[in-house]
Structure formats: structure tokens, C-alpha cells
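Fold and geometry: a report
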Amino acid sequence: MERKFIKGCSFICLLLGAVIVMAPGCQKQVTYVIGGYGWKANYLDLDGYVATDGVDKVKTQYNLANADIGTDAKWVSYESGQKSPKPFDCGGCHTTGFAADGSTPEGYAGSGTCKTCHPQIYDSLSESGHQHILNAVSGAAPDYPAFCPGVEGPEKFTFGTTPDQTKIFDLKGIQGQWVEANVGCEACHGPAKDHAQNPASVKPSLDAARAACGKCHISGEKVDGIEQADYIISTNGDLINYRQEWEEWQASPHNIAGGPDCATCHNPHATTIYGGKAKTDGRRVYQNEDCLKCHHVTIGQNMSSLLCIDCHMPKAAKLAVSKGIIGKEGNYAYVGDVRSHQFKINAAAASPNAFYNPDRTAVQLDASGKALGLTVTLVCQPCHSPGGIKPHGLPEATPYTFDELKQKAPLVHASQPKV
Ligand code: HEC
Ligand code: HEC
Ligand code: HEC
Ligand code: HEC
Ligand code: HEC
Ligand code: HEC
Ligand code: HEC
Ligand code: HEC
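Residues numbered from 1 in each chain as written. Chains lettered and ligands numbered in written order. Predicted model: local features only at pLDDT ≥ 70, side-chain atom pairs only at ≥ 80, totals over all residues. Heavy atoms only, no water.

1. A few points about the overall build of the protein chain
So the rule is basically this: Where helices and strands are cited, they refer to DSSP runs of H or I of at least four residues and of E of at least two residues respectively, numbered from the N terminus. Each residue's exposure class comes from its accessible area (1.4 Å probe, protein chains only) as a fraction of the maximum for that residue type: buried when under 20%, exposed when over 50%, partly exposed otherwise. The criterion used for residue contact is that any of the two residues' heavy atoms lie within 4.5 Å.
Of the regular secondary structure elements, the protein chain holds 14 helices and 18 strands. Evaluated residue by residue, the protein chain yields a buried proportion of 45% over its 419 residues. Sequence-distant contacts, at least 24 apart, represent 66% of the contacts inside the protein chain between residues at least 6 apart.

Written as C-alpha cells, this is what we have:
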């Protein structure tokens, strides 16, 4: 996927920081950019509040271009109903060593210290989304596009006075305190000052690091200022809400002894996106072989050039953008911008509705908490529709109805031993 790469700066530049000065036509000054790496960006204003349409009276979210579904980069609405300044209470997942109560977190060494002995891991991580979550914009990053809420177009800002970054926690809108902006080493490995001082005798737990993904790739209610997994996979319209990879995986057949967890498939120190941009080996390139290590299937029905993830990880979740595709029967199938992590396909589902709970607010789970599986509407229809998607250069696929897809689905691996 080609996504526009907004150049971020490492957490070092958080220390440098800078205020973007109001450019002609720009209606708002911002201090920090949230994201802008994978899908979209939000902004913090001079007081550390998250800019919202409701308060700022302009469009305050910047969606990146998405070549897969053909959307351009543009400003869109964010929290238009917001009546009062929105605090930045996002630190639990967008920073390292977060303390919601504002106390000073203890026991952390900081990624800069880890770098002295683990430089390659540090370099690889610095190219990943985990290091582009909360960035002050520094004068050293002039190729930031128009970070100017409400103003379209590629015009740039002039960079102005540098705020004192040690005072970020004095900003009214900032809630809690953290050791480091972005997901640094200790966001997953836990406070590791003791290890850094004494590596031979103190070692961070790798199992705990594997489980750490479940602190952030979730969505639910806050407890003591930190959001918790609720194991409800919420949906909006037909698509899965973003940031539920952990909850989807929990509900998937992979959540079993011997099955793959997040760190089996993902190199936690590398990005899954922007292959061409990664300067180090910092990208986990997906290949069918990754799945075939454990599964022994081939793909029939004239679809041997498809990837396993074309069907088993369709873009059935939405973070920023989506597209409706009208099928052969006039019904819609929606394509979002985040891959589902449920893996299982429920080819026998009687209707597309079988995927959702009766009030269509969440994915239907069985008594043991497992998802019933993706329907052919979510899996096959995005391609098998007039004007359907054609990822990685695939040709156009024949339009089929729901019933036709349902009949054909069991044929995909038909001649295969079930392993
Ligand atoms: C429970 C953890 C959590 C909280 C709380 C949280 N986020 Fe996130 N955020 C994530 C994760 C994880 C992603 C990556 C998307 C995914 O996993 O589907 C993300 C992605 C984003 C992105 C897109 C980044 C990009 O490069 O495209 C933006 C923007 C964002 N969050 C803004 C916010 C704001 C603003 C808040 C607070 C109002 C917030 N988030 C609170 C975990 C969280
Ligand atoms: C002074 C050098 C040094 C510093 C600083 C350092 N490490 Fe290490 N680290 C090591 C060495 C050496 C090992 C290998 C230890 C062994 O296996 O005997 C190691 C191993 C590890 C391991 C693997 C443990 C295992 O069970 O295999 C992790 C995780 C780790 N370090 C994380 C960190 C983090 C996070 C930081 C920063 C907070 C950090 N290290 C800072 C030297 C260092
Ligand atoms: C997104 C979570 C995450 C972040 C951020 C992270 N790690 Fe890890 N790290 C892991 C996981 C999970 C493992 C265990 C992988 C496994 O079990 O094979 C691991 C393994 C390691 C290991 C031992 C295996 C190896 O690859 O050498 C070292 C050393 C290590 N990490 C150091 C670091 C340092 C240093 C940083 C910061 C520059 C860092 N990690 C950032 C999750 C993370
Ligand atoms: C402290 C919170 C936190 C933890 C822990 C965490 N993530 Fe993330 N992760 C995020 C946020 C926030 C983003 C969005 C970053 C962005 O795009 O701006 C993200 C983005 C990602 C992405 C997409 C961006 C990219 O560069 O590929 C992957 C893949 C990912 N995380 C995997 C993992 C895995 C695997 C683990 C556990 C080993 C993990 N994360 C642990 C918060 C976290
Ligand atoms: C580390 C081994 C491993 C890897 C890698 C792996 N899987 Fe699995 N997979 C499993 C296990 C174990 C199960 C559970 C099998 C069972 O329920 O009998 C499973 C179950 C499944 C199922 C559900 C089977 C059913 O009963 O309906 C699907 C579909 C699947 N995997 C697809 C994938 C895809 C696609 C990939 C690559 C993106 C992948 N797997 C990678 C081990 C793996
Ligand atoms: C064209 C879509 C498609 C592609 C591509 C695809 N699958 Fe499947 N897969 C299915 C469907 C549909 C089912 C369910 C069949 C059923 O229930 O009768 C399935 C079932 C499975 C199962 C569970 C049942 C079984 O037959 O063992 C596994 C495991 C699996 N696929 C793995 C993979 C792997 C690995 C790849 C990549 C090499 C892959 N699939 C590519 C559509 C696809
Ligand atoms: C069976 C393998 C597998 C497992 C297990 C897995 N992922 Fe993924 N994940 C992938 C693949 C493949 C992609 C797509 C990479 C690509 O597009 O090249 C992906 C994409 C992502 C993305 C980026 C979203 C997007 O659509 O670009 C995030 C975030 C993510 N995974 C987080 C997680 C987390 C957190 C876990 C654990 C709960 C996890 N993954 C478990 C294989 C896996
Ligand atoms: C990523 C896009 C994509 C997805 C997802 C996909 N297909 Fe296909 N499919 C194709 C393409 C491309 C072809 C080859 C062109 C054609 O014959 O339609 C094809 C061919 C087929 C054919 C053979 C048609 C023929 O006459 O030779 C069948 C049957 C089929 N697909 C069924 C399915 C089913 C069932 C699913 C969901 C489980 C599915 N496809 C998912 C792209 C896709």
C-alpha cells in the first residue's frame, strides 16, 4: 500500500520541540502531531488540548491518502460535537511509562540508554509507527505537509519559537505524566533501569513483552485513567472499529497453545508498513510462507496469485477511511483500512448478518468467546463485485452473489488435506 509518509522525528526531537507558527490562512497553532504515520493525524494546540471541530470550528483531522481504496489525503471532521477543550488523555497508549495520576514514573532508563547496547533494535524501532505517535514538530523536519487544521493543500508552515519541552506537563490539556513520548523499549519491556545497569544478572521478561501488545491494541472503558480490553469487538456500520487487534486475536482460532500471537507474526521492533522507506531491515515483510509454516493448504479456483491475507485478513476494520462496494445484487460490502485479525472464515453463514450481534454493535461471539468467522460478504465481495478492489495488481474478479460465493467458498482449498 502506498501511504503518504509524514516524516516524523524521533523522541529526541520531543526534547527540541517547536511551535508551528500561524501561516497565512491557517486558523490554529499546533504544538504536537499525534500519528500521521499510518492512517491519520490529530493535533495538540498550544495548551496541550486535542484540537476538535467542535471547539476549533474547522476540520481538525488529517487523513492520509489511501491508494488501496483510492482516497486522497484530506482534512476531515473530528469530534464535531465537542463543547469544551478535549484533554490529551491518550498517554496510556501513545507514550512510555505513563502514570495517569501525574506521579513521576520510576524505574525507567529510557530508550536512549537501551540504544547504547542494543543499537540495531533501536534503529529498527525508530522507523516504525511506534516511534511516530506523538511528535513535536521540529525545525529539522521541514517536509511536514500542511499541519494546519482546516486548510487544504500542501502549503507548509514556518517553524517558530521552541516551547520548553520540560514544561509539557504544565500544559493545561495534558493529563498524566510519562517518561518518553511514543512507544519506546520500556513500553513493552517494562521499566528496565535495573537491567540496563546490570544486564548479566537482571533480564526483562520476554513473555511479559509479548503480552504487552494487549495493553494498547484494544478498546474499552478506562479504569484508573487507562483503557482496558473489554473483549467486545465493537462494530460501526458494517466494519469493525479500529484498535481491537488484541481482542480479535483473543476471539480467533490462533489464541490456542501453539498458535501464533502478535510477536510470532510481527517483529515487535519493526514496522509492517512502509517497506520502501525503512532504511534498516526494520520491516516485517509478509509472505504466504509465514502462514504455510503451520498450515498446509494450496489455493485453487484460479486464485493462486492471491495472498492468504487477501481472504483471511480482509480490511474489515476502519481507522480513518472506508469505501462501499456495490455487489452483484446491489448490496454493499465495505472495505476499511485496517486488517481484521480473526482469521477464521464462516463460509456457511446463512446471511451477512451472521457476523454481527442482533443490534449490530459488535461481532457475534459464541459461548466460549470465539468469533463465528468472517462472512463471504466481508471476505470475497470486495473483489467479486463490479468495480471491486484489485490489490497488488490482481485482475478484475467475476461478480458473484452472496449465495454463489457461499457455494464456491468451500472449493477454495477443496482438494486439500485439512491441517
Ligand atoms: C487503548 C490505547 C489507545 C488510546 C487510549 C488511544 N490510542 Fe490512538 N492508537 C492506538 C493504537 C494501538 C493505534 C494503532 C491503530 C490500531 O491498532 O488499529 C492508534 C492510532 C492512532 C492514530 C493514527 C496514527 C497514525 O499514524 O495513523 C491517531 C491519530 C490516534 N491514535 C489518536 C489518538 C488520540 C487523539 C487519543 C486520545 C483521545 C488516542 N489515540 C488514544 C492506541 C490508543
Ligand atoms: C550495558 C548494556 C545494556 C543496556 C544499557 C541494556 N541492555 Fe539489554 N541486554 C544487554 C545484554 C548484554 C543482554 C544479553 C544478556 C544475556 O542474555 O546474557 C541483554 C538482553 C536484553 C533482553 C533479552 C533478555 C532475554 O531474556 O533474552 C532484553 C529484552 C533487553 N536486553 C532489553 C533492554 C532494554 C529495554 C534496555 C533499556 C531499558 C536495555 N536492554 C539496556 C545489555 C544491555
Ligand atoms: C512493541 C513492543 C516492543 C518494543 C517497543 C520493544 N520490544 Fe524488544 N521485544 C519485544 C518482544 C515481544 C520480544 C520477544 C520476542 C520473542 O519472544 O522472540 C522482544 C525481544 C527483545 C530482545 C531479545 C530478542 C532480540 O530480538 O534480540 C531484546 C534484546 C529487546 N527486545 C530489546 C529491545 C530494545 C532495546 C527496545 C527499544 C529500542 C525494544 N526491545 C523495544 C517487544 C518490544
Ligand atoms: C504502549 C502502547 C502500545 C504497545 C504496548 C504496543 N503498541 Fe503497537 N501501536 C501503538 C500505537 C499508538 C500505534 C499507532 C502508531 C502510529 O501509526 O502512529 C501502534 C502501531 C502498531 C502497528 C502498525 C504500525 C507499524 O509500524 O507497523 C503494529 C504492527 C503494531 N503496533 C504492533 C504491535 C505489537 C506486535 C505489539 C506487542 C509486541 C505492540 N504493537 C505493542 C501502541 C502500542
Ligand atoms: C505458529 C503456527 C501458525 C501460524 C504462523 C499461522 N497459524 Fe493459523 N492456526 C494455527 C493453529 C495452531 C490454529 C488452530 C488450529 C485448530 O483450531 O485446530 C490455526 C487456525 C487457523 C485458521 C482457522 C482454522 C479453522 O479451524 O477454521 C485459519 C483460517 C488460519 N489459522 C489461518 C492462518 C493464516 C492466514 C496465517 C498467516 C497469516 C496463519 N494462520 C498463521 C497455527 C498457525
Ligand atoms: C480466496 C480466498 C482464500 C485464500 C486466498 C486463502 N483461503 Fe484459507 N480459507 C478460505 C475459506 C473460504 C475457508 C473456509 C472453507 C470452509 O469453511 O469450507 C478457508 C479455510 C482455511 C483454513 C481452515 C480450514 C482448512 O482447510 O484447513 C486454513 C487453515 C486456511 N484457510 C489457511 C489458508 C492459508 C495458509 C492460505 C494461504 C496459503 C489461505 N488459507 C488462503 C479462503 C481462502
Ligand atoms: C497470524 C499472523 C498474525 C498475528 C497472530 C497477528 N498479526 Fe497483525 N498483521 C499480520 C499481517 C500479515 C498484517 C498485514 C501486514 C501487511 O499488510 O503487510 C498485520 C497487520 C497488523 C497491523 C496494521 C494494520 C493494517 O491493516 O495495516 C497491526 C496494528 C497489527 N497487525 C497488530 C497486531 C497485534 C496487536 C496482534 C496481536 C493481538 C497481531 N497483529 C497479531 C499478521 C498477524
Ligand atoms: C483479493 C481479491 C479476491 C478475493 C478476496 C477473492 N477472490 Fe476469487 N478471484 C479473484 C480473482 C482476481 C480471480 C480470477 C479472475 C476470475 O476468474 O474472476 C478469482 C477467481 C475466483 C473463482 C474462479 C472463477 C473462474 O471462473 O475460474 C472463484 C470460484 C472464486 N474466485 C471464488 C472466491 C471466493 C468464494 C472468495 C471468498 C472466499 C474469493 N474468491 C475471494 C480475486 C479474489
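Next comes the rest of the account.
2. Quick word on helix α5 (residues 119–126)
Let me state the cut-off plainly: The directions considered for the arc are those from the helix axis to the C-beta atoms.
All buried positions along α5 are accounted for by Tyr 122, Ser 124 and Leu 125. Each buried residue of α5 lies within a common arc of 165° when the element is viewed along its axis, so the set occupies one face.

3. Structural notes on the sheet that holds strand β14 (residues 235–236)
Whenever strands of a sheet pair, they do so through backbone hydrogen bonds, lying parallel or antiparallel. Stated precisely, the cut-off is as follows: DSSP-based pairing: two strands are paired if at least 2 bridges between them are found.
Strand order across the open sheet formed by three strands is β14-β15-β16, with mixed pairing between neighbours. Pairing within the sheet leaves two strands with one partner each, and these edge strands are β14 and β16 (317–318). As defined by bridge partners, β14 adjoins strand β15 (residues 239–241) across two bridges and the pair is classed as antiparallel. Note on β15: the bridge partner recorded for Asn 236 is Leu 239.

4. Regarding the site of ligand 2
Going by this rule: Definition of nearness: a residue and a molecule or strand are near each other if at least one heavy atom of the residue lies within 4 Å of the molecule or strand. Two N or O atoms form a polar contact when they lie within 3.5 Å of each other; inside protein one atom must be a possible hydrogen donor and the other a possible acceptor, and for residues adjacent in sequence the pair counts only when both atoms belong to side chains. Any residue outside Ala, Val, Leu, Ile, Met, Phe, Trp, Tyr, Cys, Pro, Asp, Glu, Lys and Arg is labelled polar, Gly included; the first ten of those are nonpolar and the last four are charged.
Residues in contact with ligand 2 amount to 16 residues; listed here are only the nearest, Cys 114, Cys 117, His 118, His 195 and Lys 203. The side chain of His 118 places a nitrogen or oxygen atom 2.9 Å from a nitrogen atom of ligand 2. Interatomic distance of 2.7 Å between a side-chain N/O atom of His 195 and a nitrogen atom of ligand 2. The class makeup of the residues in the shell around ligand 2 is nine nonpolar, five polar and two charged.

5. So, the packing of aromatic side chains
Note the cut-off: For this analysis, a ring pair means two rings from Phe, Tyr or Trp (six-membered ring only for Trp) whose centres lie within 6.5 Å, classed as stacked if their planes differ by under 30 degrees, edge-to-face if by over 60, and tilted for the remaining angles. We call a charge positioned above a ring when the Lys NZ or Arg CZ atom is no farther than 6 Å from the ring centre and deviates by at most 35 degrees from the ring normal.
A complete count under the given rule lists seven aromatic pairs for this structure. Centroid distance Phe 88 to Trp 178: 5.9 Å. Interplanar angle 70°. Geometry classified as edge-to-face. Of this pair, Phe 88 sits in the loop between β7 (86–87) and α3 (91–94) while Trp 178 sits in the loop between β10 (158–159) and β11 (180–181), placing them 90 residues apart in sequence. With a relative accessible area of 6%, Trp 178 lands in the buried category. Put simply, the rings of Tyr 43, Tyr 62 and Trp 75 pair up and form one aromatic cluster. Positioned above the aromatic ring of Tyr 242 is the side chain of Lys 40, whose terminal nitrogen or guanidinium carbon lies 5.0 Å from the ring centre. The lysine or arginine in question, Arg 360, covers the ring of Tyr 356, its NZ or CZ lying 4.1 Å from the ring centre.

6. A short note on the environment of Gly 107
Along the chain, the position of Gly 107 falls in the loop between β8 (95–96) and α4 (111–117). Owing to a relative accessible area of 31%, Gly 107 belongs among the partly exposed residues under this scheme. As for Gly 107 and Gly 190, which are separated by 83 residues in sequence, their C-alpha atoms are 8.8 Å apart. Every residue in contact with Gly 107, bar those within four places of it in the chain, is listed here: Glu 186, Pro 191, Ala 192 and Lys 193.

7. A few points about the coordination of the iron atom of ligand 6
Octahedral metal centres with six donors ideally show angles of 90 or 180 degrees, and tetrahedral centres with four donors ideally show 109.5 degrees. Here is the rule: Water is not part of the atom set, so a site may look incomplete; the donors themselves are N, O and S atoms within 2.8 Å of the metal, or 3.2 Å for Na, K and Ca. Geometry is assigned from donor-metal-donor angles: four donors are tetrahedral when every angle falls between 85 and 135 degrees, four are square planar and six octahedral when opposite donors sit over 155 degrees apart with all other angles between 65 and 115, and any other arrangement is irregular.
Surrounding the iron atom of ligand 6 are the protein donor atoms His 312 (NE2) and His 413 (NE2), which sit 2.0 Å from the metal. Viewed at the metal, the six donor atoms of the iron atom of ligand 6 are separated by angles of 87 to 179°, and the geometry they form is octahedral. Of this pair, His 312 sits in helix α12 (residues 308–312) while His 413 sits in the segment after α14 (402–408), and the two are 101 residues apart along the sequence. Overall, the relative accessible area of 23% leaves His 413 in the partly exposed class.

8. Focus: the site of ligand 7
For ligand 7, the set of nearby residues contains 21 residues, the closest of which are Cys 262, Cys 265, His 266, Arg 339 and His 341. Between His 266 and ligand 7, the recorded distance is 2.8 Å, taken from a side-chain N or O atom to a nitrogen atom. The side chain of His 341 places a nitrogen or oxygen atom 2.8 Å from a nitrogen atom of ligand 7. Those elements that provide at least two residues to the shell around ligand 7 are α9 (245–250) and α10 (262–265). Ranked by the residues each element gives to the shell around ligand 7, the list is headed by α9, at three residues. For the shell around ligand 7, the per-class residue count stands at eleven nonpolar, five polar and five charged.

9. Notes on the coordination of the iron atom of ligand 1
A lone protein donor contacts the iron atom of ligand 1, and this donor is His 94 (NE2), found at 2.1 Å. Following the sequence through the fold, His 94 ends up in helix α3.

10. Considerations on the environment of Thr 71
By the secondary structure assignment, Thr 71 is in the loop between β5 (61–63) and β6 (74–76). For the pair formed by Thr 71 and Ser 322, sequence separation is 251 residues and the distance between their alpha carbons is 8.6 Å. In contact with Thr 71, other than residues within four places in its own chain, are Ala 65, Asn 66 and Val 321.

11. Things to note about the pattern of salt bridges
For the record, the criterion: Definition used for salt bridges: Asp or Glu carboxyl oxygen within 4 Å of a side-chain nitrogen of Lys or Arg.
As enumerated under the stated definition, the model contains nine salt bridges in all. Where Asp 89 meets Lys 222, a salt bridge forms, and the shortest distance between an N and an O atom there is 3.1 Å. Of this pair, Asp 89 sits in the loop between β7 and α3 while Lys 222 sits in strand β12 (residues 222–223), and the two are 133 residues apart along the sequence. Classification of Lys 222 as partly exposed rests on a relative accessible area of 37%.

12. Some remarks on helix α8 (residues 206–216)
Of all the residues in α8, the buried ones are Ala 209, Ala 212 and Gly 214. Considering only its buried residues, α8 is in contact with α6 (185–189) and α9. One side-chain oxygen at the N-terminal end of α8 lies 3.3 Å from the backbone nitrogen of Asp 207; it belongs to Ser 205.

13. Thoughts on the pairing of strand β18 (residues 332–335)
Of the two faces of β18, the one holding Ala 333 and Val 335 is buried and the one holding Tyr 332 and Tyr 334 is not buried anywhere. As consecutive antiparallel partners, strand β17 (residues 323–326) and β18 are separated by five residues, and within that stretch Gly 330 has a phi angle of approximately 90°, a positive value.

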